[in-house]
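# Structural features, examined
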Amino acid sequence: MKFKLYDSVKKEKLDFTPIKEGEVSIYICGPTVYDDAHLGHARSALSFDLLRRTLKELNFKVTLAKNFTDIDDKIINKLKKSNQTLQELTEYYINRYLCDMDSIGVQRADIEPKATEHIEAMESMIDTLLKSGYAYKLDNGDIYFDSTKDSKYGSISNMVIDEDATQSRLENIDGKKDPKDFALWKSCKGDEDICFDGLMPSGRPGWHIECSAMIAKHFNGDDNYCIDIHCGGADLLFPHHENEAAQTRCSLNKEIAKYWMHNGFVQIDGEKMSKSLGNSFFLKDALKIYDGELLRFYLITIHYRNDFNFNEEDLHASKKRLDKLYRLKKRLYGGKASKPNSNFKNELLEAMSDDLNSSKAFAIVDEMISNINETLDKEPKNRALKQEALANIEFIGSLLGVGCKDAIEWFQQGVSKEDKEKIETLIAKRDSAKNKRDFELADSIRDELKSMGITIMDTADGTKWEKL
RNA sequence: GGCGGCAUAGCCAAGUGGCUAAGGCAGGAGCCUGCAAAGCUCUGAUCCCCGGUUCGAAUCCGGGUGCCGCCUCCA
């Protein structure tokens with residue numbers, strides 16, 4: 001099966017051909033760790049988690065790196081307001097990030113490089129650029145990349161910047177030769193700055209150079225490319241990825257990545273997520289209210305390239321949709337999985353192999369659920385089908401990362417042990433009333449349960465309950 | 001000012017030239033049930049507007065309108 005992806009630089013869907021047969025190298029631009037992860041981080045992580053899972057299912061040997069930017073202006077600003085060291089602060093947020101991503105089923109990266117651990121690699125890259133004339137030093141010691149020396153500058157974002165640039169908001173610092181030029185190295189600006197001493201004058205790296213240097217250090221690629229796929233949020237295309245590509249091209253004489261993938265943005269109730277608007281939604285806050293797997297499901301039911309409008313109403317619709325998968329799983333409770341239906345498996349994998357068409361994949365899942373339920377209504381004892389259905393659900397779990405939890409517990413989340421006992425007692429009471437055909441009492445007990453947020457269902461295996 | 005994206009039923013959302021325009025939520029009808037719930041069945045749109053290309057377009061091209069993003073740190 002061919003994997004197809006939409007290359008956001010070439011702007012077309014392409015057949016994926018890896019640099020090395022059967023292997024894939026992926027680099028994702030990870031977070032700057034100065035605060036907790038928000039829903040946008042979640043969406044980006046989930047998009048490329050699906051990429052990784054799909055490629056693995058297609059039998060590629062996947063090596064995935066996701067960096068942490070642990071030195072930057074925002075971190076330094078935050079540090080000034082706290083009494084933590086740089087390492088304490090960034091390690092705290094790195095752990096928070098990893099925990100939050102664990103909660104939504106994002107598999108850990110194979111390599112998690114930190115900027116501060118790659119200062120030498122960055123310095124050596126900058127040194128190469130300086131020596132070959134692609135970079136220059138300002139009077140204050142800052143080192144800038146000379147974008148005019150790179151004839152391919154602009155080829156990634158297709159961004160042509162007017163020489164006049166009257167409307168451009170590119171920062172124009174005295175001494176910069178061209179508005180497009182960007183900082184490779186920032187010289188030490190005083191006691192409150194965080195500085196590194198090495199090959200370069202005391203100072204710290206610019207943002208863009210870290211990705212180029214970390215990719216160069218961890219991946220070999222071939223003569224033309226460093227890695228197969230470079231991923232990140234849509235906002236990174238320019239200037240971040242343009243600049244990364246330029247640095248790599250000019251220092252290593254090859255392109256940084258063969259393919260580029262960018263995920264769409266998350267909005268909340270139709271508005272851009274931002275702290276100034278007061279609607280910034282941290283993943284940790286969402287996790288206090290909603291189950292992590294539900295958030296995952298909700299965030300991946302829409303194609304990764306589209307913008308995503310996060311809102312409670314759609315989230316509840318998603319909950320009901322995911323419930324259907326768990327109801328089937330509950331119906332199959334206690335059975336053993338055999339092998340997934342090969343048609344189902346192929347269709348699902350094919351959908352995901354088509355530029356991660358998760359919307360289509362879930363439509364296939366829904367149809368599978370309906371089909372199994374329909375057959376099971378007619379043939380409740382079809383054991384082979386039940387075992388196959390369980391295997392289907394396991395496959396969904398490994399490819400899409402949902403439906404992995406215990407089906408009984410799924411519907412009883414947030415119910416305390418005492419309440420569970422109380423519910424069981426009430427159900428027993430109702431059963432005996434029902435047996436005596438005292439439906440008035442039975443119904444009043446059902447109402448009582450409903451007021452506790454519990455719904456019940458009479459089945460062939462007795463009365464079952466769920467939290468509403 | 002420059003670059004780019006999007007517009008499909010009440011809502012969410014696939015579809016990128018051709019069988020009856022996927023799927024979900026909500027709604028309606030039915031089967032099942034003591035009644036419910038769950039499950040199942042049936043039920044809805046000609047695809048923002050105008051023009052063009054084509055035997056044939058939601059899908060391609062041109063022109064509108066509207067929304068959004070990037071060009072400053074940003075997933």
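Note that the structure is a prediction, hence the values are computed from the model and not measured. One numbering rule holds for all chains: residues counted from 1, following each sequence as written. Each chain takes a letter, starting from A, and each ligand takes a number, starting from 1, following the order in which they are written. The model is predicted, so local features are restricted to residues of pLDDT at least 70 and side-chain atom pairs to those at 80 or more, both for listing and for counting; the totals for chains, interfaces and linings are taken over all residues. To obtain the side-chain values, all non-hydrogen atoms of the structure were used and water was disregarded.

## Observations concerning the sheet that holds strand β3 (residues 23–28)
- Strand pairing is assigned whenever DSSP detects at least two bridges linking the two strands. Put simply, DSSP H or I for four residues or longer makes a helix, DSSP E for two residues or longer makes a strand, and each gets a number counted from the N terminus. In space, the four strands of this open sheet follow the order β4-β3-β9-β10, with parallel pairing throughout. Looking along the sheet, the strands with just one partner apiece sit at the ends: β4 (61–66) and β10 (255–263). For this sheet, the mean angle separating the axes of adjacent strands, direction not counted, is 25 degrees.
- Note: β3 against β4, six bridges, orientation parallel. Note that in β4 the partner of tyrosine 27 across the bridge is alanine 65. Lines fitted to the C-alpha atoms define the axes, with helices restricted to the stretch that makes contact. Angles between their N-to-C directions range from 0 to 180 degrees.

## Points about the domain arrangement of chain A
- Domain borders in the structure are assigned automatically or taken from a domain database. Structurally, chain A comprises domain 1 (4–267), domain 2 (322–411) and domain 3 (417–467).
- Each of domain 1 and domain 2 has a C-alpha centre, and the two are 39 Å apart.
- Whether two residues touch is decided by their heavy atoms; if any such pair falls within 4.5 Å, the residues are in contact. Between domain 1 and domain 2, the contact holds twelve residues from the first and 13 residues from the second.
- Summed over both partners, the accessible surface that disappears when two parts come together, traced with a 1.4 Å probe, is what is meant by buried area. Around 1100 Å² of area is buried between domain 1 and domain 2 when both sides are counted, 57% of it from carbon and sulfur atoms.
- The term salt bridge refers to a side-chain nitrogen of Lys or Arg lying within 4 Å of a carboxyl oxygen of Asp or Glu. Along the contact surface separating domain 1 from domain 2 lie one salt bridge.
- In this structure, aspartate 354 and lysine 13 form a salt bridge, with 2.7 Å as the shortest nitrogen-oxygen distance.
- Polar contact is defined as a pair of N or O atoms within 3.5 Å, subject to the rule that within protein one atom must be able to donate a hydrogen and the other to accept it, and that residues adjacent in sequence are counted only when both atoms are side-chain atoms. Taken together, the links from domain 1 to domain 2 amount to six residue pairs in polar contact (both at pLDDT 80 or more).
- Of all the secondary-structure elements, those providing two or more residues to the side of domain 1 that touches domain 2 are β1 (4–7) and α1 (39–57).
- Top element by residues in the side of domain 1 that touches domain 2 is α1. It accounts for six residues.

## Details of the layout of surface pockets
- Cavity means a closed set of points on a 1 Å grid over the protein atoms alone, one where a 1.4 Å probe fits but cannot get out, pocket means an open set with protein on both sides within 12 Å along at least 5 of 7 lines, and lining means a residue has an atom within 4 Å of a point. Grid points are joined across faces, edges and corners, and a volume is the space filled by probe spheres set on the points. The computed volume of the second largest pocket comes to approximately 630 Å³.
- Forming the walls of the second largest pocket are 19 residues, and the residues nearest its centre are Arg327, Lys330, Arg331, Thr459 and Asp461.
- Listed by contribution, the elements that provide at least two residues to the lining of the second largest pocket are α9 (312–331), α11 (358–378), β14 (454–459) and β15 (462–467).
- Top contributing element to the lining of the second largest pocket by residue count: α9, with five residues.
- Residue polarity is assigned by list, with Asp, Glu, Lys and Arg as charged and Ala, Val, Leu, Ile, Met, Phe, Trp, Tyr, Cys and Pro as nonpolar; anything else, Gly included, falls into the polar class. Considering only residue class, the lining of the second largest pocket consists of seven nonpolar, two polar and ten charged.
- Two domains share the lining of the second largest pocket, each providing at least three of its residues, namely domain 2 (322–411) and domain 3 (417–467).

## Some words on the packing of α11 against helix α12 (residues 383–400)
- Close contact between α11 and α12 brings their axes to 11 Å; oriented N to C, the two are set at 165 degrees. Accordingly, the angle class assigned to the pair α11 and α12 is roughly antiparallel. As for the relative orientation of α11 and α12, their crossing is left-handed in sense. Residue-level inspection shows Ala361, Phe362, Val365, Met368, Ile372, Thr375 and Leu376 of α11 in contact with α12, the latter providing Leu385, Lys386, Ala389, Asn392, Ile396 and Leu400.
- Tallied by class, the residues present in the contact of α11 with α12 amount to ten nonpolar, two polar and one charged. These descriptions rest on fixed angle ranges, namely under 35 degrees for roughly parallel, over 145 for roughly antiparallel, 65 to 115 for roughly perpendicular, and the rest for oblique. In this scheme the handedness of a crossing depends on how the near helix is turned from the far one: anticlockwise by less than a right angle means left-handed, clockwise means right-handed.

## Some words on the state of the cysteines
- Criterion for a disulfide: a pair of cysteine sulfur atoms within 2.5 Å. In this structure the tally under the stated criterion is one disulfide.
- Two residues, cysteine 188 and cysteine 195, share a disulfide whose sulfurs are 2.2 Å apart. Across the S-S bond of cysteine 188 and cysteine 195 the torsion is about 90 degrees, and the bridge reads as right-handed.
- The class for cysteine 188 is partly exposed, based on a relative accessible area of 33%.
- Classification of residues uses two cut-offs on accessible area relative to the type maximum, computed with a 1.4 Å probe and protein chains only: under 20% is buried, over 50% is exposed, and between them is partly exposed. Residue class for cysteine 195 comes out partly exposed when judged on its relative accessible area of 23%.
- The structure places no disulfide on cysteine 99, whose sulfur is separated from the nearest cysteine sulfur, that of cysteine 404, by 18 Å.
- In this structure cysteine 231 is a free cysteine whose sulfur lies 8.9 Å from that of cysteine 29, the closest cysteine sulfur available.

## So, empty space enclosed by the protein
- Inspection of every chain in the model, using the stated rule, returns five cavities of 30 Å³ or more.
- Here the largest cavity is characterised by a volume of approximately 70 Å³.
- As for the largest cavity, its lining consists of Lys66, Phe68, Tyr97, Leu98, Met101, Asp102, Val106, Gln107, Arg108, Ala109 and Glu112.
- Here the lining of the largest cavity takes four residues from helix α3 (residues 86–103), the largest share from any one element.
- Partitioning the lining of the largest cavity into residue classes produces six nonpolar, one polar and four charged.

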